[in-house]
Amino acid sequence: MKKTLQKTLAVVMVIAMIFSQMAIMSFATEVYEEITLGSVETVTLTEENNSVTVKFIPTESGNYIVTSDNGGDDDNIDPRVWVYDSDFNAIADDDDDGEGYNFVCGFYAEAGETYYIQLSAYDDNVEYNYLVSKNPVQSITGVAQNKLIEGYHGYWDTEWDEENDCELEYFR
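Residues numbered from 1 in each chain as written. Predicted model: local features only at pLDDT ≥ 70, side-chain atom pairs only at ≥ 80, totals over all residues. Heavy atoms only, no water.

A closer look at unusual backbone geometry
Our working definition: Only DSSP runs of H or I with at least four residues qualify as helices, and only runs of E with at least two residues qualify as strands; both kinds are numbered from the N terminus onward. Classification of residues uses two cut-offs on accessible area relative to the type maximum, computed with a 1.4 Å probe and protein chains only: under 20% is buried, over 50% is exposed, and between them is partly exposed.
Backbone geometry at Tyr101 places phi at a positive 70°, although glycine is not the residue there. Following the sequence through the fold, Tyr101 ends up in the loop between β5 (90-94) and β6 (104-109). Unlike most non-glycine residues, Asn125 shows phi in positive territory, near 55°. Secondary-structure assignment places Asn125 in the loop between β7 (115-121) and β8 (126-134). Assessed through its relative accessible area of 53%, Asn125 is described here as exposed.

In structure tokens:
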């Protein structure tokens, strides 16, 4: 009887170890939605899921900007963003550098490398738009000119695009 109990306990321990390894592997292999450069995307946050992480792999090296648009709902939506390299080391973040509690987050990215962008807000059950763009910047929030971005030596500048009849914002 004692040997049967020992064998049963050994089997239970092995099964427990296998399940714990499977749980660890599932976190390590989480699949992140890949976003498209220049495409306005929508993030939906809930109480259960108050943060969303997306993957970004640039095709060109250079300065990139992530901007948000809370739709002018400053009283209820205060977006926040973090940018991480492929090892999940934080390389940039922003909270309120855009107009009306929106974020404007600049970072340098190497072509072909993987970056992760974590989107959040101070409130649950909210939805807002965000955009990743390369210089020249496509702003969806009307960012102020000559705005310095932490960690980069540059400034915002604007130029009128006659062909498309719109103003372009550049980070120089």
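On we go.
Here's the deal with the nonpolar core
How we decide: For the purposes of this section, nonpolar cores are sets of buried Ala, Val, Leu, Ile, Met, Phe, Trp, Tyr and Cys residues that join through side-chain atoms within 4.5 Å. We call two residues in contact whenever any of their non-hydrogen atoms come within 4.5 Å of each other.
Grouped together as the largest cluster of nonpolar side chains are 23 residues, with contacts concentrated most on Val66, Phe107, Ile117, Leu119 and Tyr128. Secondary-structure elements contributing two or more residues to this core are β1 (41-45), β2 (51-56), β3 (62-69), β4 (79-84), β6, β7 and β8. Not counting residues within four places of it along the chain, the set of residues in contact with Val66 comprises Val81, Val83, Phe103, Val104, Cys105, Phe107, Ile117, Leu131 and Val132.

Comments concerning the pattern of salt bridges
Counted only if it meets this: In the sections that follow, a salt bridge refers to a side-chain nitrogen of Lys or Arg positioned within 4 Å of a carboxyl oxygen of Asp or Glu.
Within the structure shown, the criterion is met by two salt bridges. Where Arg80 meets Asp93, a salt bridge forms, and the shortest distance between an N and an O atom there is 3.5 Å. Placement of Arg80 in strand β4 and of Asp93 in strand β5 is noted, with a sequence separation of 13 residues between them. Note on Arg80: relative accessible area 17%, which makes it buried.

What to know about the packing of aromatic side chains
Rule in force here: Planes of paired rings set the category: under 30 degrees apart is stacked, over 60 is edge-to-face and the rest tilted, where pairs are Phe, Tyr or Trp rings (Trp by its six-membered ring) whose centres lie within 6.5 Å.
Under the criterion given, the structure shown has nine aromatic pairs. For the pair Phe56 and Phe107, a centre-to-centre distance of 6.4 Å together with 90° between the ring planes defines the contact as edge-to-face. With Phe56 in strand β2 and Phe107 in strand β6, this pair connects stretches of sequence that are 51 residues apart. Taking the relative accessible area as the measure of exposure, Phe56 reaches 2% and is therefore buried. With a relative accessible area of 1%, Phe107 lands in the buried category.

Without other data, these values stay purely geometric and don't point to any function.
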